[in-house]
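# Structure assessment
Letter by letter, the chains look like this.
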Amino acid sequence: MHKLKTRRPIRRKNNDDDDDKSDTRPSAGEQEETSPRMAQRSPPSKTREALRAKLAARNASPEELEAMKQEKSKKTKKSSAKKEGGYDFDSLKRDAMDFFDTTVETFSSWPIIIALLVLVVVVLPLYYLDTGLIVANTANVFRPEKFHSGITKGPYFEGWYFKFVDPETKDVLAVIPGIYNPRNTENQTALVYTRAAKLKASSKSKFDSKDWNNPSEWPADLQAELAEARLADQPTGKEHAFVMVFRSNPPTPEEGVLYFQYDRDQFEALPDTKEDAAGKFGFRARIGKSVFSHEGIFLDLNAKNLVYTDPKDFDEFYAKSLTERTERLGKDILLNGDGRFLSVNKKPKSLSVSGEIAFENMVPFPRSWSAPGVMGWFSYFPFLECYHGLVSQHHSADGKIVFMDGSKVAGHFDARDADGYIEKDWGNNFPLSWVWIASNTFSQNKKSSLMVSMGDVPLLAPSNSLYPVVTSLPVVGPWLKRNLRFIGFLITVYDGKTTHLLGYPQGCKLTELTTRLDESIETARETVILEIVCSAQSKKLSVMAERVVGSGIPLLGPRADRNRMFPIIEESLNAVVTVKLEDTKSGSILFSDKSFGGGLETGGNLFKKFAA
């Protein structure tokens, strides 16, 4: 303890005493001056108030003491009355002010407080979040179709989706070029062997050297870790560029999707042309010798670049998909006697793909300040898990794509005034569950289109490094963990003239999301039914998408928890889509039509989440 240093006692005059009499006691409200070191250790505000009250009581007359007692009694009664009715807000306010006073006295400097606020609000989020993604999303908020360069951290994916439908043959072709960056780029198998060696060194009494030379003799948990590491070290678990090609009517169901993989440096985002810059629209990218843009695609995909997913990954995908389908439809459906999937894509044929298709009369998404992209004002959020972009609602396509099995033609897709469509996705991971519908081949309203994208949207995804920090906060952490997710949806209907934007950002409500099973016909069919009501626009949308059960093709997509491209979805290219858009004020029908060759995906079980 430091000794308390005081000045000479302050002399105060008293009417009843002579001038030369002095009182060495400090008067009420006066404080003894302390040394600088003691000033830093001054007691909290409540303690100081108590000392002042005691000092005042020493010098007070009997009448003043009685008045002080009455004042204290009034405060006590008032506080008790407030506590009976709920929170003592005055007490809370005083405690908050005391904490503030103590904080200021402790730091005794506003710059330090400001620096702490900057650290919490700015520095920590930027440290945990990918600043490259934030900068890229901000820079391209009005150009979502462009490649978002500058991403420095994984997991990250970005890809464009090209879809072509031949109105005459009803054949459908889909091409998906993109890139994938995993979270971990190290060789996972080597890391497991390193951990095994360390464990061996600490377990000589239990395992001899002969046991450790054979991984089958390792402990069960280490064997499981090694098996997962070997899967993660597949080609699709490395940083790479890719092109996926699949079609609705392949010669054999086993063809499935063709996955062409290239080194990351084989991808190049090409600069805008003068026309692109002037129109503030467009994108151009090259992967290997193939080129993709808003003007067309040129494919030169050699079979030597094909990679195949490990059968264990496909087995896991089929088991998960079957469970989800059974929950969705209420029963297990057997196809072709005893099968559950029409396409079992474990090792497709080794095919090369080449050709060119040109685009004309493109109808891009109409951008505005309130909706710079199809995500509406959510486009301005630069740190979401997944982003969706609508590049072309409809365009005409002409050209030809050829599939070669060595020197033999294994098939072709002829685009003669075909209906084209382009969208894209980018981000860290796909949602836990989603429903996606895309169709632009309607029977009556030519050149029209529909896009539906809805999913379990996290404002802060578990795959984000900031997620465990935010959800572990005291009191608010558990609440944030429960309420950071919601069902979001983006819907556009292009009637040939006008784009109707009917999504969650526009205040629309999802009033129905169900699925129906029809086994009365020869082939079991599944129908997805949804209804959207937009009160502000006086519109109501009804959509039904029907497909043959099990007719989808397994596609690879990003799985942050598996650190690789993984089979995540069964996409159908031959769904029949029925659309009806009404004006709820006048009762008139704004759009009503039926299409074929629609794309349909149902990942996870969004239906169950909506019903809950």
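Since we're looking at a predicted model, the values are computed, not measured. (Residues numbered from 1 in each chain as written. Predicted model: local features only at pLDDT ≥ 70, side-chain atom pairs only at ≥ 80, totals over all residues. Heavy atoms only, no water.)

All right, on to the overall build of the protein then. When its secondary structure is counted, the protein shows 14 helices and 21 strands. Expressed as a percentage of its 612 residues, the buried residues of the protein come to 46%. Summarising the internal contacts of the protein: among those between residues at least 6 apart in sequence, 66% fall at separations of at least 24. As displayed, the protein offers around 32300 Å² of accessible surface, 55% of which is attributable to carbon and sulfur atoms. (Helix = DSSP H or I, 4+ residues; strand = E, 2+ residues; numbered from the N terminus. Buried < 20%, exposed > 50% of the residue type's maximum accessible area, 1.4 Å probe, protein only. Contact = heavy atoms within 4.5 Å. Areas by Shrake-Rupley, 256 points an atom, 1.4 Å probe, with all protein chains shown as cover.)

This paragraph deals with the pairing of strand β18 (residues 539-548). Both faces of the sheet carry side chains from a regular strand, because those side chains alternate between them. Strand direction decides the pairing type here: strand β17 (residues 525-534) and β18, joined by ten bridges, are antiparallel. Bridge assignment links E526 to a residue of β18, and that residue is R547. Hairpin connection between β17 and β18: a loop of four residues separates the two successive antiparallel strands, and S538 in this loop has a positive phi of roughly 55°. Relative to strand β20 (residues 564-583), β18 runs antiparallel, the two being bridged by eight bridges. Bridged to K539 within β20 is D583. (Pairing = 2+ DSSP bridges.)

For the rest of this paragraph, the subject is the environment of K304. Looking at the element boundaries, K304 is found in the loop between β8 (296-301) and α11 (311-329). What makes K304 exposed here is its relative accessible area of 70%. Separated by 43 residues in the primary sequence, K304 and Q261 place their C-alpha atoms 9.3 Å from one another.

Burial within β20 is extensive, with 15 of its 20 residues counted as buried. Summarising the sheet, strand β19 (residues 553-559) and β20 pair through seven bridges and their orientation is antiparallel. The residue bridging R559 from the neighbouring strand is R564, located in β20. Count of turn residues in the β19/β20 antiparallel hairpin: four residues, of which N563 carries a positive phi of about 60°. Strand direction decides the pairing type here: β20 and strand β21 (residues 589-603), joined by eight bridges, are antiparallel. From the neighbouring strand, K580 faces β21, where its bridge partner is S592. Counting the residues that bridge the hairpin from β20 to β21 gives five residues, and of these G587 lies at a positive phi of roughly 80°.

Before going further, it helps to spend a moment on the pattern of salt bridges. For the structure on display, the rule yields 21 salt bridges. One salt bridge connects D166 with R416, and the closest N-O pair in it is separated by 4.0 Å. One end of the pair, D166, is in the loop between β1 (156-165) and β2 (172-181); the other, R416, is in strand β11 (residues 408-427), and 250 residues separate them in sequence. When the shortest N-O distance is used, the salt bridge between D561 and R559 registers 2.7 Å. (Salt bridge = Lys/Arg side-chain N within 4 Å of Asp/Glu carboxyl O.)

This structure, assessed with the given rule, holds one disulfide. Covalently, C508 is tied to C534 through a disulfide, its sulfur atoms 1.9 Å apart. One quick way to see it: the torsion about the S-S bond of C508 and C534 is about 110°, and its sign makes the bridge right-handed. With C508 in the loop between β15 (499-501) and β16 (509-518) and C534 in strand β17, the pair connects residues that are 26 residues apart, well separated along the chain. By relative accessible area, which is 4% here, C508 ends up buried. (Disulfide = S-S within 2.5 Å.)

In this section: the nonpolar core. Of all hydrophobic cores here, the largest spans 81 residues; its most connected members are F162, F164, V175, F246, F260, I297 and I357. If we skip the residues at most four places from it in the chain, I357 touches F164, G296, I297, A397, D398, G399, K400, I401, F413 and A415. Ranked by size, the runner-up nonpolar core spans 29 residues in total, among them F442, I491, V577 and F607. (Core = buried A, V, L, I, M, F, W, Y, C linked by side-chain atoms within 4.5 Å.)

Glancing now at helix α9 (residues 220-232). Counted at 1.5 Å a residue, the expected span for α9 with its 13 residues is 18 Å, and the 19 Å between its end C-alpha atoms agrees. Among all positions in α9, only L222, L226, A229, L231 and A232 are buried. (Expected span 1.5 Å × (residues − 1).)

Here we come to the sheet that holds strand β7 (residues 290-293). Read across the open sheet, the eleven strands follow the order β4-β3-β2-β1-β11-β10-β9-β8-β7-β6-β5; overall the sheet is antiparallel. Lying at the two open borders of the sheet, with one neighbouring strand each, are β4 (258-263) and β5 (267-269). The average undirected angle you get between the axes of adjacent strands in this sheet is 20°. (Axes fitted to C-alpha atoms, helices over the stretch in contact; angles between N-to-C directions.)

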